[in-house]
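Working through the structure, step by step
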Amino acid sequence: NAGSTRGTVSQSRCSMNAQRPILILTRPAEGAARFAAQVVARFGDQMMVIQSPLQKIVWRDVAPRAGVGAYIFTSQNGVLGWVRDDIAQRGLAYCVGERTTALAVAQGFQAVYAGADVLDLIARVIAEKPAGPLLHVRGQFTQGDLAMQLNSAGIETEEAIVYDQQPVEMTDEARAAISGNVPVIAPLFSPRSAALFSAALPAGTQPWVAVISANAAERLDLTLHRRMIVAKEPNADGILDAIEEILTRLSST
């Protein structure tokens, strides 16, 4: 796969490519592979890539739900977790992000793109006031309390947790790269990813980080903030732009 062919970095290769930054991808394996392909499409071979997931997806069984007025998906894994059960219902779905929306459409939902982040979705749902109850299909860990905010606005919303994000230790390869002399860039896609990455760092190391949001940035150790770029848009394209800004800074030093 993309991670194994492009991402295996030995000490000898690091020394041979001293000016070539290393990109460490900490997303769960499938998400890391998808993003690695986007990185190659945009940057070619400007960076070496290491995949070191700090979380793994563990699916939960889906409990049947009757009378759902509309679904809410804030991640692609939410869609995949729901449709793992062949008899899982379909219907109207409000989605965060274009990729989540496209996946929901492909899986048979009447999917509506409701914005780039949870706040956009909440505003859209409150404005439209769809018939409830709504069902937020999500992972164990999620940003903000979407259901509580919608219930507070008078829109009945329930939750279904269809997957866990279990922590995984950083690989020895990634730790060695971060501790070495080659610049390291880590894209971080959620507050939980930021917290796990910060906790896993070898003592005294300060890699560059491209962070998806200000909320995620708050979960990082303060010592990393001087080498941090927060994405202007909370999506993969925003992260890619942040990586490009880091590369520009590195090339000017």
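Here, the structure is the one placed above.
These numbers come from a predicted model, not from an experiment. Every residue gets a number counted from 1 within its own chain, in the order that chain's sequence is written. Local features in a predicted model are, by the rule used here, given only for residues with pLDDT of at least 70; side-chain atom pairs are given and counted only at 80 or more, and totals for whole chains, interfaces and linings are based on all residues. As a rule here, side-chain values cover all heavy atoms of the structure and leave hydrogens and water aside.

Turning our attention to the packing of aromatic side chains. Stacked, edge-to-face and tilted are the three classes for Phe, Tyr and Trp ring pairs, Trp counted by its six-membered ring, which pair at centre distances within 6.5 Å; planes under 30 degrees apart are stacked, over 60 edge-to-face, the rest tilted. According to the stated counting rule, one finds six aromatic pairs in the structure shown. Geometrically, the ring pair formed by Trp59 and Tyr163 is edge-to-face, given 6.0 Å between the ring centres and 70° between the ring planes. Of this pair, Trp59 sits in strand β3 (residues 55-59) while Tyr163 is found in strand β8 (residues 157-167), placing the two residues 104 residues apart along the sequence. An angle of 75° between the planes, with centres 5.0 Å apart, marks the rings of Phe73 and Phe109 as edge-to-face. Within this pair, whereas Phe73 is found in strand β4 (residues 70-73), its partner Phe109 is found in the loop between α5 (98-106) and β6 (110-113), the two being separated by 36 residues in sequence. Classification of residues uses two cut-offs on accessible area relative to the type maximum, computed with a 1.4 Å probe and protein chains only: under 20% is buried, over 50% is exposed, and between them is partly exposed. You can call Phe109 buried: its relative accessible area is 4%. For the cation-ring pair, Arg27 lies above Phe189, with the distance from its terminal atom to the ring centre recorded as 3.9 Å. Just above the ring of Phe141 sits the side chain of Arg192; from NZ or CZ to the centre is 3.8 Å. To qualify as a helix, a DSSP run of H or I must reach at least 4 residues; to qualify as a strand, a run of E must reach at least 2; elements of each kind are numbered from the N terminus. By definition here, charges over rings are those cases where NZ of Lys or CZ of Arg is within 6 Å of the ring centre and within 35 degrees of the ring normal.

To continue, consider the side chain of Gln165. With respect to the helices, strands and loops of the structure, Gln165 is situated in strand β8. Polar contacts here mean pairs of N or O atoms no more than 3.5 Å apart (in protein, one a potential hydrogen donor and the other a potential acceptor; neighbouring residues in sequence count only if both atoms are side-chain atoms). From its side chain, Gln165 meets the backbone nitrogen of Gln140 in a polar contact 3.1 Å long. Looking at Gln165, its side chain comes within polar contact range of the main-chain oxygen of Phe141, at 2.9 Å. Sequence-distant contacts of Gln165, that is, excluding residues within four places in its chain, are made with Gln55, Lys56, Ile57, Gly139, Gln140, Phe141 and Arg192. Whether two residues touch is decided by their heavy atoms; if any such pair falls within 4.5 Å, the residues are in contact.

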